[in-house]
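Next come the chains, spelled out residue by residue.
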Amino acid sequence: MRAIRIGLLGLGTVGGGTVRLLHRNRAELQRRVGRAITVCCAAVRDPQRQRTCSTAGIRLYTDPLEVVRDPDVDVVVELMGGVEPAGAAVQAAMESGKHVVTANKALIAERGNELFDAARRHAVMIGFEAAVAGGIPIVKVLREGLAGNRIESLVGIINGTCNYVLDAMDQEGADFDVALQAAQRCGYAEADPRTDVEGTDAAHKLTILAALAYGIPLQLSRVHCEGITAISPVDIACARELGYCIKHLGVARRREDGIELRVHPALIPRRHILASVRGVMNAVLLCGNAVGDTLYYGPGAGAEPTASAVLADLLDIARAMSARAGQQVPSLAFQPDALLDTPILSASMMRTGYYLRMQVEDKPGVLARVAGSFGESGISIQAVQQKGAEPGARRVALVLLTQCVAQGDLEQALVRIRKLDVVDRAIVRIRIESMDSAVSCDPG
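Residues numbered from 1 in each chain as written. Predicted model: local features only at pLDDT ≥ 70, side-chain atom pairs only at ≥ 80, totals over all residues. Heavy atoms only, no water.

(A) A look at the overall build of the protein chain. Each helix and strand counted, the protein chain has 14 helices and 17 strands in total. Relative to the globule expectation of 22 Å for 444 residues, the C-alpha radius of gyration of the protein chain, 24 Å, shows essentially globular dimensions. Once the C-alpha set of the protein chain is aligned to its principal axes, its extents read approximately 85 × 45 × 35 Å. For the protein chain, the proportion of its 444 residues judged to be buried stands at 54%. Summarising the internal contacts of the protein chain: among those between residues at least 6 apart in sequence, 74% fall at separations of at least 24. (Helix = DSSP H or I, 4+ residues; strand = E, 2+ residues; numbered from the N terminus. Rg over C-alpha atoms; globule rule 2.2 N^0.38 Å. Buried < 20%, exposed > 50% of the residue type's maximum accessible area, 1.4 Å probe, protein only. Contact = heavy atoms within 4.5 Å.)

(B) Molecular detail of the packing of helix H5 (residues 105–121) against helix H10 (residues 200–214). In the contact formed by H5 and H10, the axes pass within 9 Å of each other and the chain directions differ by 55 degrees. Taken together, the axes of H5 and H10 lie oblique to each other. Once H5 is placed against H10, the crossing between them reads as left-handed. Between H5 and H10, the contacting residues are Lys105, Ala106, Ile108, Ala109 and Glu110 on the first element and Asp201, His204, Lys205, Thr207 and Ile208 on the second. Here the residues of the contact of H5 with H10 are counted per class, giving 4 nonpolar, 2 polar and 4 charged. (Axes fitted to C-alpha atoms, helices over the stretch in contact; angles between N-to-C directions. Parallel < 35°, antiparallel > 145°, perpendicular 65-115°, else oblique. Left-handed = near helix turned anticlockwise from the far one by under 90°. Nonpolar A, V, L, I, M, F, W, Y, C, P; charged D, E, K, R; others polar.)

(C) Summary view of the packing of helix H1 (residues 13–24) against helix H12 (residues 303–320). Where H1 meets H12, the closest approach of the two axes is 8 Å, and the angle between their N-to-C directions is 65 degrees. Judged by the inter-axis angle, H1 sits roughly perpendicular to H12. Crossing of H1 against H12: the hand is right-handed. Along the contact surface, H1 presents Thr13, Val14, Gly17, Thr18, Arg20, Leu21, Leu22 and Arg24, while H12 presents Ala303, Glu304, Thr306, Ala307, Ser308, Val310 and Leu311. Residue classes in the contact of H1 with H12 are distributed as 7 nonpolar, 5 polar and 3 charged.

(D) Layout of the sheet that holds strand E6 (residues 126–127). Read from one edge of the open sheet, 6 strands run E3-E2-E1-E4-E5-E6, paired in parallel fashion. Strands at the two margins of the open sheet, each flanked by one partner only, are strand E3 (59–61) and E6. Pairing of strand E2 (residues 37–43) with E3 involves 3 bridges; the strand directions are parallel. Residue pairing for E3: Ala43 is matched across the bridge by Tyr61. (Pairing = 2+ DSSP bridges.)

(E) Representation of the nonpolar core in the model. Grouped together as the largest cluster of nonpolar side chains are 58 residues, with contacts concentrated most on Ile138, Ile208 and Leu286. Apart from the residues within four sequence positions on either side, Leu286 is in contact with Ile138, Val141, Leu142, Leu146, Ser153, Leu154, Gly292, Asp293, Thr294 and Tyr296. Residues Val14, Ala42, Val77 and Met125 belong to the second largest nonpolar core, which totals 32 residues. (Core = buried A, V, L, I, M, F, W, Y, C linked by side-chain atoms within 4.5 Å.)

(F) Geometry of the state of the cysteines. Taken as a whole and judged by the stated rule, the model has 0 disulfides. Cysteine Cys40 remains unbridged, with the sulfur of Cys41 as its closest cysteine sulfur at 3.9 Å. No disulfide involves Cys53; its nearest neighbouring cysteine sulfur is the one of Cys41, lying 13 Å away. Using a relative accessible area of 11% as the deciding quantity, one classes Cys53 as buried. (Disulfide = S-S within 2.5 Å.)

(G) Structural detail: the packing of aromatic side chains. For the structure shown, the criterion picks out 2 aromatic pairs. Ring geometry for Phe116 against Phe128: centres 5.4 Å apart, planes inclined by 40 degrees, an arrangement best described as tilted. One end of the pair, Phe116, is in helix H5; the other, Phe128, is in the loop between E6 and helix H6 (138–145), and 12 residues separate them in sequence. There is no split in this pair, since Phe116 and Phe128 are both buried. (Phe/Tyr/Trp six-rings, centres within 6.5 Å; stacked < 30°, edge-to-face > 60°.)

(H) Region of the structure containing the pairing of strand E13 (residues 351–361). The buried fraction of E13 is high, at 9 of 11 residues. With 2 bridges joining them, E13 and strand E16 (residues 405–406) adopt antiparallel strand pairing. Paired with Thr352 across the bridge in E16 is Val405.

(I) Main features of the confidence of the model for the protein chain. Taken over all residues, the pLDDT of the protein chain has a mean of 90, while the share at 70 or more is 93%. Confidence drops under a pLDDT of 50 for residues 437–444, and excluding neighbours within four residues, the segment shows 11 contacts in the predicted structure. (pLDDT = per-residue confidence, 0-100.)

(J) Just a nonpolar patch on the surface, in detail. A surface patch of nonpolar side chains, amounting to about 290 Å² of accessible area, comprises Ile273, Leu295 and Tyr297. Looking at the element boundaries, Tyr297 is found in strand E12 (residues 292–299). (Patch = residues over 30% accessible without salt bridge, like charges linked within 9 Å, V, L, I, M, F, W, Y side chains within 5 Å. Areas by Shrake-Rupley, 256 points an atom, 1.4 Å probe, with all protein chains shown as cover. Salt bridge = Lys/Arg side-chain N within 4 Å of Asp/Glu carboxyl O.)

(K) The pattern of salt bridges, seen in detail. All chains considered together, the criterion is met by 37 salt bridges. Overlapping salt bridges, with partners in common, bring together Arg2, Arg5, Arg59, Asp70, Asp72 and Asp74 in one network.

Written out as structure tokens, the structure reads:
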């Protein structure tokens, strides 16, 4: 049987890893699909650049559309990143009747709805396992492995850069800037790390996971997104003393009145398994109504872990190339005409506990005034911690943990508290996730 011929858009870290893995595992791959898989061409910026893989037998182009137009190509593998020109190349490939595999979470999160529609119209497949959580096969888990479940919640550490930085701050006592610079030296953070540390990367991934979990269209604009740039060593230390650590989470949770989609730092109990996820590793905790909690852990990035996900999609396409399009697993796990317009809750309606740190005057009665303001808003305080004042200082740090509360109600309470003459206006606010599937903040 004729080999399946691949055209790569990008031959950098992941592209090179894909070529190496195809070569190293070629016998095993052929046993799995009954035919060889080969790379016949690739688009690169600089054909003279030294590569991490052999380019023998691979035609190199500088224009991605030349790969798309190459008549030998059966499947286009997009590894360029960014929404454009990657989006145009993927669209052109599908219009040419060619299957597509992509590792591009931004492209799927921002343009996936139209791309999946194009794939259906042109009867081709588009695989995107590598777009989320690197080597963890979380897309296949949601599309197939847990398809018999109603997914209740999804909580994940899905950005390795944020996890590395917060882990260094927690384990080594490093400042944010020092930890970020270490991540950059190790190659775990980009020269411009804003997409990671401001939460955008995780929001892209959560958008995709939520669509797969709940059968809803991709809705990046509805994800509430916060980064980790405001986290300080003081907050790390306070969390530790209270039995928590701070992790950057992607959370999708089903409620009676809609679905919560949020990305943010959160305090989680140090005893919880997600608290042990170290460095650049990723982990996703899923709760299904039949299976209960299941955890998926592994490298979230890297050349060959991501290439492993690319190859998984290639094998699925190779197996299905002789099947009719209607027999394939739908791109977003649910039949296209069965996607639901389930409400996505606004940030003000999202309910969690909160860690609050504020500077207050060091004198009697201050705690009572602060607690009274929360009480007027119906917000219960779970724990209070007051730091001793520095010699000569007139203000001290007051840390409070609240019970579960809607974000909108908390913000209204904070407006009143900021008006107190004994409290500084700058108040640090970090969510608390109980991480207990049996405990719901849903008032319903």
